[in-house]
Amino acid sequence: MIPALRTAQDPTRFALELIRTLMLLLCLVGWVMYPLELLLLEHWTEAWQSRIPFFVAIPGFVFTLWVLFDRKTPWVRWAFILTMWASVLTGILGAYFHLVWNMEGEIAWEFEAAMEAMAGSRPVLAALAFTHMGVTGLLSIYRAR
């Protein structure tokens, strides 16, 4: 992104590359801050699944930083795209598991019960932060040459 930003020929291309670069920088900050927040909240249980956000954040940070400087290498580009899709899936599954956890053993999908579970002790929308980072990363590289 940064090389494309530096070599942009016209104002429109420059604006597009600037937006892409800013989106990737926001992702990069997210890859550091969200796992740090999870670490401070002690987001882990006996189950290995509670550590998945940490496992996704490591390649997320590495490939986001790499794509900032080199988006043309095919394997880096594909690794970045796969990592962003893994992040989207992690966020969706995390929201689902938080919602089910908040139902406290009695899974009921009626509207009132689901809304009550949304406001439970496990923040359902917080897990979607990983989905947000993944979608932002995917949008930043969409049709980028």
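Residues numbered from 1 in each chain as written. Predicted model: local features only at pLDDT ≥ 70, side-chain atom pairs only at ≥ 80, totals over all residues. Heavy atoms only, no water.

**Q** What should I look at first to understand helix α2 (residues 11-40) in this one?
**A** Residues lying three or four places apart along an α-helix face the same way, a consequence of the helix completing one turn every 3.6 residues. With 30 residues, α2 ought to run about 44 Å at 1.5 Å a step, and its terminal C-alpha atoms sit 43 Å apart, in line with that. Between the side-chain oxygen at the start of α2 and the backbone nitrogen of T12 there is a gap of 3.1 Å, and the oxygen is on D10. Just past α2, the residue E42 takes up positive phi, approximately 55 degrees. (Helix = DSSP H or I, 4+ residues; strand = E, 2+ residues; numbered from the N terminus. Expected span 1.5 Å × (residues − 1). Polar contact = N/O pair within 3.5 Å; in protein donor to acceptor, adjacent residues only side chain to side chain.)

**Q** What exactly am I supposed to notice about the nonpolar core here?
**A** In globular proteins that are soluble, nonpolar side chains generally tend to be buried together. By size, the foremost hydrophobic cluster in this structure holds 21 residues, and its most contacted members are W31, V67, F80 and F130. Of all elements in the fold, only α2, α3 (52-69), α4 (74-102) and α6 (124-141) reach the threshold of two or more residues within this core. Residues A95, L99, M103 and V124 belong to the second largest nonpolar core, which totals 6 residues. (Core = buried A, V, L, I, M, F, W, Y, C linked by side-chain atoms within 4.5 Å. Buried < 20%, exposed > 50% of the residue type's maximum accessible area, 1.4 Å probe, protein only.)

**Q** What exactly am I supposed to notice about the packing of α2 against α3 here?
**A** In a packed pair of helices, the relevant descriptors are the angle between the two axes and the axis-to-axis distance. Axis separation between α2 and α3 bottoms out at 9 Å; the angle between their running directions is 155 degrees. Compared by their axis directions, α2 and α3 come out roughly antiparallel. By crossing handedness, the relation of α2 to α3 is classed as left-handed. Here T21, L24, L25, C27, L28, W31, V32, P35, L38 and L39 of α2 come into contact with α3, specifically with P53, F54, V56, A57, G60, F61, T64, L65, V67 and L68. Split by residue class, the contact of α2 with α3 holds 17 nonpolar, 3 polar and no charged. (Axes fitted to C-alpha atoms, helices over the stretch in contact; angles between N-to-C directions. Parallel < 35°, antiparallel > 145°, perpendicular 65-115°, else oblique. Left-handed = near helix turned anticlockwise from the far one by under 90°. Contact = heavy atoms within 4.5 Å. Nonpolar A, V, L, I, M, F, W, Y, C, P; charged D, E, K, R; others polar.)

**Q** In this structure, what is going on with the packing of aromatic side chains? I would like to understand it.
**A** Each pair of aromatic rings is reported with the distance of its centres and the angle of its planes. All chains considered together, the criterion is met by 5 aromatic pairs. Pairing Y34 with F130 gives two aromatic rings, centres 6.4 Å apart and planes at 40 degrees, and the pair type is tilted. Placement of the pair is Y34 in helix α2 and F130 in helix α6, with a sequence separation of 96 residues. In this structure F130 comes out as buried when scored by relative accessible area, which is 5%. An aromatic cluster is built from W31, Y34 and F130, whose rings are joined through pairwise contacts. (Phe/Tyr/Trp six-rings, centres within 6.5 Å; stacked < 30°, edge-to-face > 60°.)

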